[in-house]
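Notes for the structure review
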Amino acid sequence: MIVDIINKKRRGESLTHEELDKIFLGYLNDEVFDYQMSAFLMAVCLNGMNDDEIFYVTDLFINSGKVLDLSDIEGVKVDKHSTGGIGDKTTLIISPIVAALNVPVVKFSGRGLGITGGTIDKLSSIPGFNCNLSYDEIIKQAKEIGIVNCAVSDDLVPLDKKVYALRDVTGTSESIPLIAISIMSKKIAGGADKILLDVKYGDGALVKKKEEALELANLMANIGEKYKKEVRYVISDMNAPLGYAIGNRLEVMEALLLLRDNKANPNLKKLCVELASNMVSMAWNIPVDVASLQVEEVIESGKAYRKFLDLVKYQKGDIEKLKVEAKQKDIISTKSGIIKEIKALEFGKYSIELGSGRMDKDSDINPNVGIYLHCKVGDNIKQGDVLCNIFYDKKFPEFDIDKFFVIK
Ligand code: URA
């Protein structure tokens, strides 16, 4: 009985393959109910899973849907995945950089849920942009322009879709084994040859401590090894928002500013160069520092920007029509000092209140709203300086500066 499996995990015991089949495949086939799966996932959050359970469940996830074959596309396909954060628009920036260096990029992205944004919502904020591509369209586009960025289709890891939506609303997202299974099953089913992971820690990330991020990264690398996929990871800080913009259109504009004018928040640029250089290094088996010179060159020369425009045009987006239509309010500093903290979690929650993300899986989002920061941690600011602009729609949500910034 399902309750025996739940009880066993609640007592911290390990489960057999047959029991794991029963609960996970039963859930996929609607034979296990949401309330039973929720209780089971909570037991996993509290008691974890051993390696055998993790590897077996990853396999169940992968085989719950289609596994893509990208071998028709020439070259080494390196995929990148971020564990999610506030203001994380790195995919928009690094995909065209890497593709401009003739490394094929076939990137499947997700929608945002909860406080972390999703690349699909950012791309969809470009008027006309089509995120839903068929397998044949993906292959054709990759062969023609070397870059594709689209939504994960319904037939790719359907078990993750169902479990992930439930985790999000049952307080069971923050489990290292469940995160590792969810991410790696999608990456392996997506058909990439090699995988780069951006594992974030901090206030605005799924895991709070650096050691937990390292544990998660190593677990994902071990799963990759089982499937003979080279996995590399970068551990990055998500205590402050990444870059200046939070909110879908604002983030696309920030990405364009970096690609077109090479102007960027230094932390954002540093992480993008690090990630793109690792992808190129993995594709060509060259040292990261050599790859990073080429990455800088395609930004500087505008090749990466032109690749981004190719991507947008091919997927029917109209970049000329991209503009933010919202009311705007400046937030002015009431004191002078050094910016010690910009609280990612608070900004993530506030951006949801503005309407730039969803609190449940079916809610609509407003692509125009968001926040544009005018400072970063370490900046010296004076009383009267603008700390950030708020782009809002109907009603301006209350903004208490001390909740968002620590200035000393
Ligand atoms: N991203 C995913 O795809 N899955 C998780 O569980 C967490 C982040």
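The structure this text deals with has already been given above.
Thresholds applied
Residues numbered from 1 in each chain as written. Predicted model: local features only at pLDDT ≥ 70, side-chain atom pairs only at ≥ 80, totals over all residues. Heavy atoms only, no water. Pairing = 2+ DSSP bridges. Helix = DSSP H or I, 4+ residues; strand = E, 2+ residues; numbered from the N terminus. Right-handed = clockwise from strand over helix to strand, strands pointing away. Polar contact = N/O pair within 3.5 Å; in protein donor to acceptor, adjacent residues only side chain to side chain. Contact = heavy atoms within 4.5 Å. Salt bridge = Lys/Arg side-chain N within 4 Å of Asp/Glu carboxyl O. Buried < 20%, exposed > 50% of the residue type's maximum accessible area, 1.4 Å probe, protein only.

1. Examining the pairing of strand β5 (residues 230-237)
Of the strand pairs in this sheet, strand β4 (residues 194-201) and β5 are connected by 8 bridges, and their pairing is parallel. Bridge pairing links D198 to V234 in β5. In the classification by handedness, the crossover that spans β4, the intervening helix α10 (residues 210-226) and the parallel β5 is right-handed.

2. Examining the side chain of S182
Looking at the element boundaries, S182 is found in helix α9 (residues 176-189). Among the polar contacts made by the side chain of S182, one reaches the side chain of D160 at a distance of 2.8 Å. For S182, the contacting residues outside a window of four places in its chain are D160, Y164 and R167.

3. A short note on the pattern of salt bridges
A side chain with one charge may pair with a side chain of the opposite charge, provided their charged atoms come close. This structure, assessed with the given rule, holds 24 salt bridges. In this structure, E144 engages K140 in a salt bridge whose closest nitrogen and oxygen atoms are separated by 3.6 Å. Here E144 pairs with K140, and both are found in helix α7 (residues 135-145), just 4 residues apart, close to one helical turn. On the basis of relative accessibility, which here comes to 49%, the residue E144 falls in the partly exposed class. Close ionic contact of K376 with D379 constitutes a salt bridge, the shortest N to O distance being 3.0 Å. Among the residues examined, K376 registers a relative accessible area of 23% and is labelled partly exposed. Taken together, the salt bridges that share partners define one network made up of D79, K107 and K187.

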